[in-house]
Amino acid sequence: MKVKDSMKPLPRSFFNRDTLTVAKELLGKILVHQTRYGDIAAKIVEVEAYKGSDDPASHAFRKKTPRNQLMFGKAGFAYIYFVYGNHHCLNVTTEKEGFAGAVLIRAVEILEGLEIAKRNRVTKPNINLSNGPGKLTKALGISNAQNGIDLTKRNKLFISIPLKVERFNTTIAGRIGVKQGADKLWRFYIENNEFVSKM
DNA sequence: ACAGCGATTGACT
DNA sequence: GTCAATCGCTGTA
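Because the structure is predicted, anything quoted here is derived from the model rather than measured.

**Focus: the protein's contact with DNA strand C**
Line of reasoning, step 1. The immediate surroundings of DNA strand C are formed by Arg62, Lys63, Thr65, Pro66, Arg67, Phe82, Tyr84, Gly85 and Asn86.
Line of reasoning, step 2. Near the protein, within 4 Å, the atoms of DNA strand C are sugar or phosphate in 70% of cases.
Line of reasoning, step 3. Between DNA strand C and Arg67 there is a distance of 3.1 Å, counted from a sugar or linking oxygen to a side-chain nitrogen or oxygen.
Line of reasoning, step 4. Contact between DNA strand C and Asn86: a base nitrogen at 2.9 Å from a side-chain N or O atom of the residue.

Spelled out as structure tokens, the structure:
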């Protein structure tokens, strides 16, 4: 049976809230991507929040541009950008329309479709399959083609409520790879999860 | 029109 | 630990 059929997308109201709240609550949710080779399902284990108004690290800090316009739009859409000439990063838009916000998915634990994910990543060691923003998009086959997809509908790419409710502790930490706004503790990850990029 | 650089990764010393 | 790869977006002109 296909993974996708048993999954229920999170409603728009889940994303249409404060970015920090959405970021924290995204931990443990399931990212589903239906590819031509089969479905991949992955648990979100690490995220970072980005807000436009008072966050110098955010793409939306200065003003609305062709790239970041999705951050100003409705919540619950995929905002994917290409960075360092090499990697794609997957974000989910948050907040009400007109207020810029997004949550960067930094790491996932692949639950279904592991073989497909391994094939998507050409590197040899599969230990570090999806413990980083650039790595997980490669493993799940996500690129600019998925930019702007509505993640609250049963599209090729969406975010689902987990089938089983798990208990876990959430750790709060500083964001990684940002020069400005490094003081903000806007990174959240599942404690003791081996797929987190940096403990 | 263009120079500078980034929400990273992997390879190498 | 250090550093190159690599390109589209952005600010400045």
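**Focus on the environment of His88**
Line of reasoning, step 1. With respect to the helices and strands, His88 occurs in strand β5 (residues 87-93).
Line of reasoning, step 2. Sequence separation between His88 and Asn144 is 56 residues; the distance between their C-alpha atoms is 7.6 Å.
Line of reasoning, step 3. If we ignore the near neighbours within four places in the chain, the residues touching His88 are Ile80, Tyr81, Phe82, Pro133, Gly134, Thr137, Ile142, Ser143 and Asn144.

**Some details on the pairing of strand β4 (residues 78-83)**
Remember that side chains alternate between the two faces of the sheet whenever the strand is regular.
Line of reasoning, step 1. With six bridges joining them, β4 and β5 adopt antiparallel strand pairing. Its bridge partner lying in β5, Tyr79 is registered against Asn91.
Line of reasoning, step 2. What sits between the antiparallel neighbours β4 and β5 is a turn of three residues, in which Tyr84 has the positive phi angle 55°.

**Description of the nonpolar core**
Line of reasoning, step 1. Counting residues in each nonpolar core, the largest one holds 42 residues, and the members touching the most others are Phe15, Leu26, Ile44, Val47, Ile105, Ile110 and Ile159.
Line of reasoning, step 2. The dominant element in this core, judged by the number of residues it contributes, is strand β3 (residues 38-51), at six residues.
Line of reasoning, step 3. The contact partners of Ile110, leaving out residues within four places of it in the chain, are Ile40, Ala41, Ala42, Ala117, Leu129, Ser130, Ala139 and Leu140.
Line of reasoning, step 4. Formed by twelve residues, the second largest nonpolar core is a distinct cluster that contains Ala60, Met71, Phe72 and Ala102.

Conventions used here
Residues numbered from 1 in each chain as written. Chains lettered and ligands numbered in written order. Predicted model: local features only at pLDDT ≥ 70, side-chain atom pairs only at ≥ 80, totals over all residues. Heavy atoms only, no water. Near = heavy atom within 4 Å. Polar contact = N/O pair within 3.5 Å; in protein donor to acceptor, adjacent residues only side chain to side chain. Helix = DSSP H or I, 4+ residues; strand = E, 2+ residues; numbered from the N terminus. Contact = heavy atoms within 4.5 Å. Pairing = 2+ DSSP bridges. Core = buried A, V, L, I, M, F, W, Y, C linked by side-chain atoms within 4.5 Å. Buried < 20%, exposed > 50% of the residue type's maximum accessible area, 1.4 Å probe, protein only.

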